[in-house]
Amino acid sequence: MSVSTVATAPSVCAPLPVLGRDVTVPLVTGGEVTYAALDYAASAPALQRVWDDVAAYAPYYGSVHRGAGYLSQLSTDLFENARRTVAEFLDCRDGDQVVFTRSTTDSLNLLAAALPAGCQVFVFETEHHAALLPWRDARVTVLDAPRGPRQAVETLERALAGCDPHGPALVCVTGASNVTGELWPVRELAAAAHAHGARIVLDAAQLAPHHPVSVEDLDVDWVAFSGHKLYAPFGSGVLAGRADWLREAEPYLAGGGASRKVTRRTDGGVDVEWHDSAARHEAGSPNVIGAYAVASACKALTEAGFDTLVAREQYLVAKVREGLADVPQVRFLSLFGDDAPRVGVLSFVVEGWNSSHFAAALSAEYGIGVRDGLFCAHPLVRTLLGSDPQTQGECGAPEAAPGEKSLNAIRVSFGAGTPDEHVERFVRAVKELVTDGARWNYRTEDGRCVPDTSASTAAAGTSV
């Protein structure tokens, strides 16, 4: 690992206030410590601003699109204004639709259900399962993991050159990897897709919380992201983009709200006229609080300024990498190289440690929450770890199929609400665990590595 500069704090570097910043957790070694939430890539803590906005609205809760009363009208206006706020946040084009969903996974499954007949889908093996798996009714081509941005574009161009030039085609690509944090060449991939008559959907789950996303500038056809990674509560997501495929598809869910007119036929059946707006795919009572929370997060990030947020995040990335540069047992995972631009997501392995054991020790002994495993991106992590066997049978080691190696990694991730102290504690903890080993014994329970709470559990300075 080469490091040429020392991380210096950006001129404006205060973290944004988030929920849980003062939560304390117990340590197995005794006492308590403020919890260091370093698993933003899975779910970011809600911004205090978002929570305050939701709390202020809660007494005015009412049905949406269905009531004449004041609170119903207020809730309907708030819901539709949230749609406009998200469209502005994403710099959508005139005519684009913003559909509120439950998550990125839900958004991409909605789009998959709206694909025209015979559609070909192209997706890299590097994708999160939310983007890799929904295309079950399409002809899917899975592309090998590229080892650089240019190779990604060339790989896609070769694949598209061999597809049916007259049939519909869709490319699905991430904006930032949930494993390595690396930024993908979205604009160039979009240009390649369009040059071959294909459309492209951007999985922005890891990109939107960290960088501005412009549908128009990137020239993507759709964007999908989740509220719970954008500093909003669970249960909300967005699919935004071109209206035609969505308008022509059968509703994602059939029911009230999606239908414009329903009439009985003389034969006893019903005829349905569906909406051609976003409501077509939003049947049932909508999650108005979720939509409002997403819109609040969009406003908060915009007002904070992405230039400032990106500068702070890059400072924290450098703090981790430089802090561990002199620990040869730590190897960061990368497709595009150590110097590739990335968001605040870093995955690594530690020589001599099973990753589940290491993550458990970080939590139990230091109050640090990270992620371990394959990160819902199994093909990518297996590609990155293919030459790094880990001993089976260690604490928390996942079972491997016959002939396979036991593989997993550790992921540390952070964002707009991360204080310096959390990152500094993480770096210090990694160094101590590598040098001195765990201070506690651990055992496997339900496939997870957990502290052994039986008698005489203090470890003798060993890591296995």
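See the structure above.
Residues numbered from 1 in each chain as written. Predicted model: local features only at pLDDT ≥ 70, side-chain atom pairs only at ≥ 80, totals over all residues. Heavy atoms only, no water.

## Quick look at the overall build of the protein
So, step 1. When helices and strands are tallied, the protein shows 13 helices and 19 strands.
So, step 2. Compactness check: the protein gives a C-alpha radius of gyration of 24 Å against a globular reference of 23 Å for 464 residues, within 12% of the reference.
So, step 3. Considered along the principal axes of its C-alpha atoms, the protein spans approximately 80 × 55 × 50 Å.
So, step 4. Counting all 464 residues of the protein, 55% fall into the buried class.
So, step 5. Within the protein, counting contacts between residues at least 6 apart in sequence, those at least 24 apart form 71% of the total.
So, step 6. Carbon together with sulfur atoms contributes 51% to the accessible area of the protein, which is approximately 19,700 Å² in total. (Helix = DSSP H or I, 4+ residues; strand = E, 2+ residues; numbered from the N terminus. Rg over C-alpha atoms; globule rule 2.2 N^0.38 Å. Buried < 20%, exposed > 50% of the residue type's maximum accessible area, 1.4 Å probe, protein only. Contact = heavy atoms within 4.5 Å. Areas by Shrake-Rupley, 256 points an atom, 1.4 Å probe, with all protein chains shown as cover.)

## Describing the packing of helix α11 (residues 355-366) against helix α13 (residues 420-436)
So, step 1. Between α11 and α13, whose axes approach to 11 Å, the crossing angle comes to 115°. When the axes of α11 and α13 are compared, the crossing they make is right-handed. Contacts between α11 and α13 involve Phe358, Ala361, Leu362, Glu365 and Tyr366 from the former and Arg425, Phe426, Ala429, Val430, Glu432, Leu433 and Val434 from the latter.
So, step 2. Of the residues in the contact of α11 with α13, the class split is nine nonpolar, no polar and three charged. (Axes fitted to C-alpha atoms, helices over the stretch in contact; angles between N-to-C directions. Left-handed = near helix turned anticlockwise from the far one by under 90°. Nonpolar A, V, L, I, M, F, W, Y, C, P; charged D, E, K, R; others polar.)

## Some points on the nonpolar core
So, step 1. Of all hydrophobic cores here, the largest spans 85 residues; its most connected members are Leu90 and Phe225.
So, step 2. The greatest single-element share of this core, amounting to nine residues, is contributed by helix α9 (residues 288-304).
So, step 3. Sequence-distant contacts of phenylalanine 225, defined by excluding residues within four places in its chain, comprise Val86, Leu90, Ser103, Thr104, Ser107, Ala204, Ala205, Ala208, Leu230, Gly237, Val238 and Val294.
So, step 4. Leu324, Ala361, Val412 and Phe414 belong to the second-largest nonpolar core, a separate cluster that totals 37 residues. (Core = buried A, V, L, I, M, F, W, Y, C linked by side-chain atoms within 4.5 Å.)

## Examining helix α10 (residues 306-323)
So, step 1. In this model, α10 (18 residues) spans 25 Å end to end at C-alpha, consistent with the 26 Å of a helix rising 1.5 Å per residue.
So, step 2. Turning to α10, its buried residues are Phe306, Leu309, Val310, Arg312, Glu313, Tyr315, Leu316, Val317, Lys319, Val320, Arg321 and Gly323.
So, step 3. Buried-residue contacts for α10 involve α2 (70-89), α9, β13 (330-332), β14 (345-350) and α13. (Expected span 1.5 Å × (residues − 1).)

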